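Structural description and commentary
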Amino acid sequence: MTARIIPDRLQSPLQRRLKSWETLLLAVAVAIFIFNSFASEYFLNAWNLSDATFNFTEKAMIAFAMALLIIAGEIDLSVAAIIALASTAMGAAAQIGASPSVLVLIGLGTGLACGAFNAVLVTVMGLPSIVVTIGTMSLFRGISYIVLGDTAYGGYPAGFAFFGQGYVWWVISFEFVLFAILAVIFGVLLHLTSFGRTVYAIGNNPTGALFSGIRVARVKFILFLLTGLMSGIAAICLTSRLGSTRPSIAFGMELEVVTMVVLGGVSILGGSGSIPGVVIAAFVMGLVTFGLGLLNVPGIVMSIVIGALLIGVIALPRIWAMRRL
Amino acid sequence: MIKTFLRAREAILAGAILLLLALIAIRFAGFIAPANLANVFNDTAPLIILAIGQMIVILTRCIDLSVAANLALTGMVVAMMNVAAPGLPLIFTITVAIGLGTTLGMFNGLMVWKLGIPPIVVTLGTMTIFRGTIFLLSDGKWVNSHEMSAAFKAFPRAMILGLPVLSWIAIATILLFTLILSRTTLGRAFFAVGGNPHAAVYAGINVGRTQFWAFTISGALAGLTGYLWVARYAVAYVDIALGFELDVVAACVIGGIAIAGGVGSVGGAVLGALFLGIIKNALPVVNISPFWQLSISGAAIIIAVALNARAARTKGRIILKRAEHPA
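Residues numbered from 1 in each chain as written. Chains lettered and ligands numbered in written order. Predicted model: local features only at pLDDT ≥ 70, side-chain atom pairs only at ≥ 80, totals over all residues.

**Some details on the overall build of chain B**
In terms of regular secondary structure, chain B is built from 14 helices and two strands. Taken over the C-alpha trace, chain B has a radius of gyration of 20 Å; the compact-globule value for 327 residues is 20 Å, and the two agree within 12%. On the principal axes, the C-alpha backbone points of chain B span a range of 70 × 55 × 35 Å. Evaluated residue by residue, chain B yields a buried proportion of 49% over its 327 residues. (Helix = DSSP H or I, 4+ residues; strand = E, 2+ residues; numbered from the N terminus. Rg over C-alpha atoms; globule rule 2.2 N^0.38 Å. Buried ≥ 20, exposed ≤ 12 C-beta atoms within 10 Å, placed from the backbone.)

**Focus: the overall build of chain A**
The secondary structure content of chain A amounts to 14 helices and two strands. Relative to a compact globule of 325 residues, whose C-alpha radius of gyration would be 20 Å, chain A shows 20 Å and is just as compact. Reported as C-alpha extents along the three principal axes, the dimensions of chain A are approximately 70 × 55 × 35 Å. Out of the 325 residues belonging to chain A, those deemed buried represent 50%. Once local pairs closer than 6 in sequence are excluded, the contacts in chain A between residues at least 24 apart make up 78%. (Contact = placed C-beta atoms within 7 Å.)

**Notes on the confidence of the model for chain B**
Looking at chain B, pLDDT values average 88 and 92% of them are 70 or higher. For this predicted complex, the interface confidence comes out at an ipTM of 0.81, alongside a pTM of 0.85. (pLDDT = per-residue confidence, 0-100.)

**Considerations on the interface of chain A and chain B**
Contacts between the two partners involve 42 residues from chain A, matched on the other side by 40 residues from chain B. Listed by contribution, the elements that provide at least two residues to the side of chain A that touches chain B are α6 (129–148), α12 (253–263) and α14 (299–324) of chain A. For the side of chain A that touches chain B, the element with the most residues is α6 of chain A, which contributes 14 residues.

**With respect to the packing of helix α7 (residues 165–183) of chain B against helix α8 (residues 185–195) of chain B**
All names here are of chain B. Running from amino to carboxyl end, α7 crosses α8 at an angle of 75°, the nearest separation of the two axes being 5 Å. Taken together, the axis directions place α7 and α8 in an arrangement best described as roughly perpendicular. Of α8, the residues touching α7 (which contributes Ile180, Leu181, Ser182 and Arg183) are Leu186, Gly187 and Phe190. (Axes fitted to C-alpha atoms, helices over the stretch in contact; angles between N-to-C directions. Parallel < 35°, antiparallel > 145°, perpendicular 65-115°, else oblique.)

**Notes on the environment of Val263 of chain B**
Residues and elements named next belong to chain B. By secondary structure assignment, the location of Val263 is in the loop between α11 (244–254) and α12 (266–285). A count of 21 C-beta atoms within 10 Å places Val263 in the buried class. Separated by 71 residues in sequence, Val263 and Ala192 have C-alpha atoms that sit 9.7 Å apart. The residues contacting Val263, other than those within four sequence positions of it, are Ile257 and Ala258.

**Quick notes on helix α8 (residues 174–192) of chain A**
All names here are of chain A. Relative to the 27 Å expected for 19 residues at 1.5 Å per residue, α8 spans 26 Å between its end C-alpha atoms, a close match to the ideal helical length. Turning to α8, its buried residues number three or more, namely Glu175, Phe179, Phe186 and Leu190. Along the axis of α8, the buried positions cluster into a sector of 45°, meaning they face one direction only. Facing away from the buried side of α8 by more than 90 degrees, the exposed set consists of Ile181, Val184, Ile185, Val188 and Leu192. Structurally, α8 contributes buried residues whose contacts are with α3 (57–71), α7 (162–165), β2 (172–173), α9 (194–204), α11 (216–242) and α13 (275–294). (Expected span 1.5 Å × (residues − 1). Arc of directions from axis to C-beta.)

**With respect to α3 of chain A**
Residue and element names in this part refer to chain A. Taking 1.5 Å of rise per residue, the 15 residues of α3 would be expected to cover 21 Å, and the 21 Å separating its terminal C-alpha atoms lies within 8% of that figure. Of all the bends in α3, the largest measures some 30° and sits at Phe64. For α3, the buried fraction is high: 15 of the 15 residues fall into the buried class. Within two residues after α3, Gly73 carries a phi angle of roughly 90°, on the positive side. (Bend = angle between axes of the 7 residues up to and from the residue.)

**What about the packing of helix α4 (residues 90–114) of chain B against helix α5 (residues 119–138) of chain B?**
Residue and element names in this part refer to chain B. It is the contact of α4 with α5, at a shortest axis distance of 9 Å, that shows an interaxial angle of 145°. Helix-helix and strand crossings are classified by hand; for α4 and α5 the assignment is right-handed. In this structure, α4 contributes Leu104, Phe107, Asn108, Met111 and Val112 to the contact, and α5 contributes Pro119, Val122, Thr123, Thr126 and Phe130. (Left-handed = near helix turned anticlockwise from the far one by under 90°.)

Laid out in structure tokens, this is it:
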């Protein structure tokens, strides 16, 4: 008799379900791609498609970290406000002649500091993350409003433009490369490391995870730091791309990030989800907004499609399951 | 015992509001004149009405992020209806507003009840759908003051016993839901479902249906506020009350409504709304830039939730806590 291999994760039902979710999403993405190619003659153009990636790269960077946070049963609604604050900090530094590398450090530092602030409130003081981050969302953006009011920062150094406007090779933008690298890093972190396993464990049963020797508070602390850091990176890209900072920068982006994560198959209740799913969801949202944009559909109508997609993609499998019973 | 606890929490908030008023009065005594306080109350009335609806939803462990979009959509529909047929009686307009709001709320409720989709996902989706629908209906155009009929605009501002109708509607809402929450089976069910859903099931309460009614009430109040808002400001466009849902949630949190469900009171929600309303109205008066408002309400939310958590943490499972923070 050979030794039986004891699986360290649920093989069949969970994985099959996840697989079918991602397949469904991929099918949606392909369908949108084909539809767009027929609907507009400008769609299948390498430069246009490259432009389309800017619709989602910044949001997706945050969505990777947010996915881990939501899988662990927490949420961070302050990410867009962190972008506003980090962008304001960078803008203030640019006014006194900071170099691009210093600006990047300031952006990352502000993101980390905001993440740490959320982390302390949630993990050390034990407050519910949804309320805390609604509060810090107003607080962080509020500081930007105090600093800037109705004015704007501009005048970023020339070298700073590369992060949001530079191309690495042909039509491949720096942002897209960063997006791809971060996708791989987060995919490995969540799916191939013990840290990733603890994230799932915490999301499925925090008490059980605690009794299994997982330092729940510390893992959550790290996840909030990561989300803050990713918001800082997104702030660098967005500020560099726009070339200016207003306190209303990235307004409402937190909801688009959460939509992307949920569309990617991450359970809002925690405990399940995958990075490949979030990556596909990013492409779906990017393709939808870009394709509709080519057809001169206004942005607000696109949001109907995104909203309907969010509810429909979750509701349809449930309605289907109810029919079969 | 819980009751005394709650009462104490509201007393703290009421004390904070009085302190705030005192501080403002030092800088500008005219602010606490009765006429001005009545103005502040009237200005805060929409927030009060929505906060009561949101409170009921939060009591049942849900959240409704679509209230502001519901308000804007209903407001646009009644405004366009008024432009198309200025002669329609006011009671019809109000019925349509409440009816449409209720329908939109019921849609949220059905998604949560029948399909078991998490409330935050449902209302995030319907929020964007409702907003987009306004654009589709209005084609991005504004309905301006001169297009609305005089009766349509006059109703919320009509004075009865020295207070505008808008204020009276807020007062009526406060009284009505204080009664419903304390004196009806459904009202008690909201608390039961949020406090302990499993026990609620054993007590014969249908959790999903109770949540459905919570969303329906929230939708109805949002619809009513939609008409009042559009009539009072005499303008309707796609972005009215944009982001207002967060103010509404903030008012609830400051008012001591536990986001985990089961704990809260109408009085708390009203005080939370008044707290935000006073800050908003006082900042220009005491010469602080209105740009401070956002961060002040953010700080207020964080302080309120920290205080509430501290108050709730007295009882509990000591074994778990030791394990969590080893000495």
